[in-house]
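An overview of the molecular structure
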2 protein chains.
Amino acid sequence: MNDPQAQSFDPGFRRWSGADIETLPKAYRRNLINGLSGFKSLCLCGSISPQGVTNLALMSSVIHVGANPPLMGLLFRPDVVQRDTLSNLLHTGAFTLNNVLESTLAAAHQSSARYPEEVSEFEAVGLTPVFSDSHIAPYVAESTLRIGLTLEERLDVKSNDTILIIGRIVELQLRADAVAADGFVDLEQLGSLTVSGLDSYHRTEAIGRFRYAKPDLPPQRLDDAL
Amino acid sequence: MNDPQAQSFDPGFRRWSGADIETLPKAYRRNLINGLSGFKSLCLCGSISPQGVTNLALMSSVIHVGANPPLMGLLFRPDVVQRDTLSNLLHTGAFTLNNVLESTLAAAHQSSARYPEEVSEFEAVGLTPVFSDSHIAPYVAESTLRIGLTLEERLDVKSNDTILIIGRIVELQLRADAVAADGFVDLEQLGSLTVSGLDSYHRTEAIGRFRYAKPDLPPQRLDDAL
């Protein structure tokens, strides 16, 4: 084992204990804690109510769950605006995830406003719903990556009454020029953005891909010419 | 409701059905599906075994779960190299999450190699463990954002036998110059990177922050001078 350094943190750093965090003002704490998980997926989640009202919600709590079967996870906070989306996908069993581009960012952000249940956020923010023959939930026509999912599993997080929805990918539509020969999806080619904290949006710049790491080899860049 | 467009997807797009995805070659499918969730958090997870061996694992399945109480989630695939980390945190109840910088990227990637259980990835890849007085799991000294967590809840995802670990933030260390007056964490100031797919790393460039969206107001940028 390495020798641990004597000091617990460095000059120029700030430290909060669990008790310090508890006493922070609510808005400050929300910004601070939301920033800690790093850069996040930015997706528009499309759904439709049993009455046929389309719904769009901006999500940043999306994770990859597995490739076989193809699964993704979304964390929902039932007390906020996403509850229409959650209700729709629990009723219909279907939803979509669509990427956000610089050209659709303002509209995507606006979709996070608390519109009444009977209002379609598509119409309110000026994005176009598009349907496929095989999936009931609406896609975002402006997106270059569109994923159709069905409800696979629901997990209730007891610690704070949030809900993890596991969706199975049943349809995938994306710009063909963004898929490499090995299946790698070039999100920059697709124009996908990322989000940090509650409200900060970012474009990205590729550093590169690395080869699968092995204990007896140094880290190696993957040749771009696959 | 808007009129749905007649066509289900655009020229230049490629479409896969659920059945198409099932028949893809394994490596291609893994790359493709891993890329769909968008840009992801990139963290080094520090832990320690009951025998005192420190462990470091590169994680990309980290999500924000809530600010009050302060909670984060990590999805584990028990069959891969992360199993030492999972075993450690289940035994000790403690782990850390640490950001990855360009200067530590090669070492961080290398930590994803399948080292034997008795080898500390810290030593193997050349990163420095640092301990605080109040937390048993090691932090990464080179990181500018270090989060100490305790095990709060475990959820078993039946769909593919993965495990979602909910951790409670009990200590936080980060460079003071990266925290705005409203608590916003400037991840670019911290030098944090993001990852897409299995092996592609990216730096980011801020587009800006937006004000909390309201139905009766157009989207507005947040003034940087808070």
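A few words now on the overall build of chain A. In terms of helices and strands, chain A carries 6 helices and 13 strands. Referenced to the eigenvectors of the C-alpha coordinate spread, the extents of chain A come out at roughly 65 × 50 × 35 Å. Burial analysis of chain A (226 residues in total) assigns 60% to the buried set. As displayed, chain A has an accessible area near 8,700 Å², and 49% of this comes from carbon and sulfur atoms.

What follows concerns the side chain of Lys40(B). All names here are of chain B. Tracing the backbone through its elements, the reader meets Lys40 in strand 2 (residues 40-41). Buried within the structure, Lys40 lacks any salt-bridge partner; Asp199 is the closest side chain of opposite charge, at an N-O distance of 8.9 Å. In this structure the side chain of Lys40 is engaged in a polar contact, spanning 2.9 Å, whose partner is the backbone oxygen of Gly197.

The next subject is the state of the cysteines. This structure, assessed with the given rule, holds 0 disulfides over all chains. The thiol of Cys45(A) is not disulfide-bonded; the next cysteine sulfur, from Cys43(A), is found 8.4 Å away.

To continue, consider helix 3 (residues 83-92) of chain A. Residues and elements named next belong to chain A. Among all positions in helix 3, only Asp84, Thr85, Leu86, Asn88 and Leu89 are buried. Contacts from the buried residues of helix 3 go to strand 3 (43-48), strand 4 (54-59), strand 6 (70-76), strand 7 (94-99), strand 10 (145-157) and strand 11 (162-175). Of the residues trailing helix 3, Gly93 is marked for its positive phi of about 75 degrees.

Our next topic: the environment of Phe13(A). Following the sequence through the fold, Phe13(A) ends up in strand 1 (residues 13-17). When its relative accessible area of 14% is taken as the criterion, Phe13(A) is described as buried. Setting aside chain neighbours within four positions, we find Phe13(A) in contact with Ser143(B), Thr144(B), Arg146(B), Gln173(B), Leu174(B), Arg175(B) and Ala176(B).

Take unusual backbone geometry next. All names here are of chain A. A cis geometry characterises the amide bond from Asn68 onward to Pro69, with omega recorded as 0 degrees. Here Pro69 is to be found in the loop between strand 5 (62-67) and strand 6. Located in the positive-phi region is Asp161, a residue other than glycine, with phi close to 60 degrees. Turning to its location among the elements, Asp161 is positioned in the loop between strand 10 and strand 11. Taking the relative accessible area as the measure of exposure, Asp161 reaches 60% and is therefore exposed.

For the rest of this paragraph, the subject is the pairing of strand 8 (residues 129-132) of chain A. All names here are of chain A. Alternating residues of strand 8 divide into Pro129 and Phe131 and Val130 and Ser132, and every residue in both groups is buried. Where strand 8 meets strand 9 (residues 135-140), 3 bridges bridge the pair, whose relative direction is antiparallel. By the bridge assignment, Pro129 is partnered in strand 9 with Val140. Linking strand 8 to strand 9, which pair antiparallel, is a turn of 2 residues.

Another point: the relation of the copies chain B and chain A. What relates the two chain copies is a rotation about an axis together with a slide along it. Take chain B, turn it by 180 degrees, move it 0.0 Å along the axis, and it overlays chain A with an RMSD of 0.0 Å. On the angle and the small slide along the axis, the relation comes out as a two-fold axis. Looking at the rotation axis and the C-alpha trace of chain B, the residue lying nearest is Thr204(B), at 2.1 Å. Interface overlap between copies: 100% of the residues of chain B at the interface are likewise at the interface in chain A, consistent with a symmetric, same-surface contact.

Let us now look at the packing of aromatic side chains. Across all of its chains, the model carries 2 aromatic pairs over all chains by this definition. A ring pair is formed by Tyr201(A) and Phe210(B), whose centres lie 5.5 Å apart and whose planes are at 75 degrees; its orientation type is edge-to-face. With Tyr201(A) in strand 13 (residues 200-209) and Phe210(B) in the segment after strand 13 (200-209), this residue pair bridges two chains. Comparing Tyr201(A) with Phe210(B) shows no difference in burial state: the two are buried. The ring of Phe184(B) is capped by Arg209(B), whose NZ or CZ atom sits 4.1 Å from the centre of that ring.

Glancing now at the sheet that holds strand 2 of chain B. One key point about sheets: their strands pair by backbone hydrogen bonds, in either a parallel or an antiparallel sense. Ordered in space as 2(A)-12(A)-13(A)-13(B)-12(B)-2(B), the 6 strands form an open sheet in which the pairing is antiparallel. The open sheet terminates on both sides in strands that have one partner only, identified here as strand 2 (40-41) of chain A together with strand 2 of chain B.

Before going further, it helps to examine the pattern of salt bridges. All names here are of chain B. Within this structure, the stated rule accounts for 18 salt bridges over all chains. Put simply, Glu102 and Arg203 hold a salt bridge, and the shortest N to O gap is 2.8 Å. With Glu102 in the loop between strand 7 (94-99) and helix 4 (105-110) and Arg203 in strand 13, this pair connects stretches of sequence that are 101 residues apart. Taking the relative accessible area as the measure of exposure, Glu102 reaches 43% and is therefore partly exposed. Note that Arg154 and Asp156 form a salt bridge whose closest N and O atoms lie 3.1 Å from each other. The exposure class assigned to Arg154 is partly exposed, which follows from its relative accessible area of 41%.

The rules we used
- Residues numbered from 1 in each chain as written.
- Chains lettered and ligands numbered in written order.
- Predicted model: local features only at pLDDT ≥ 70, side-chain atom pairs only at ≥ 80, totals over all residues.
- Heavy atoms only, no water.
- Helix = DSSP H or I, 4+ residues; strand = E, 2+ residues; numbered from the N terminus.
- Buried < 20%, exposed > 50% of the residue type's maximum accessible area, 1.4 Å probe, protein only.
- Areas by Shrake-Rupley, 256 points an atom, 1.4 Å probe, with all protein chains shown as cover.
- Lys, Arg positive; Asp, Glu negative; His and termini not counted.
- Salt bridge = Lys/Arg side-chain N within 4 Å of Asp/Glu carboxyl O.
- Polar contact = N/O pair within 3.5 Å; in protein donor to acceptor, adjacent residues only side chain to side chain.
- Disulfide = S-S within 2.5 Å.
- Contact = heavy atoms within 4.5 Å.
- Pairing = 2+ DSSP bridges.
- Least-squares fit on C-alpha atoms with pLDDT ≥ 70 in both.
- Phe/Tyr/Trp six-rings, centres within 6.5 Å; stacked < 30°, edge-to-face > 60°.
- Lys NZ or Arg CZ within 6 Å of the ring centre and 35° of its normal.

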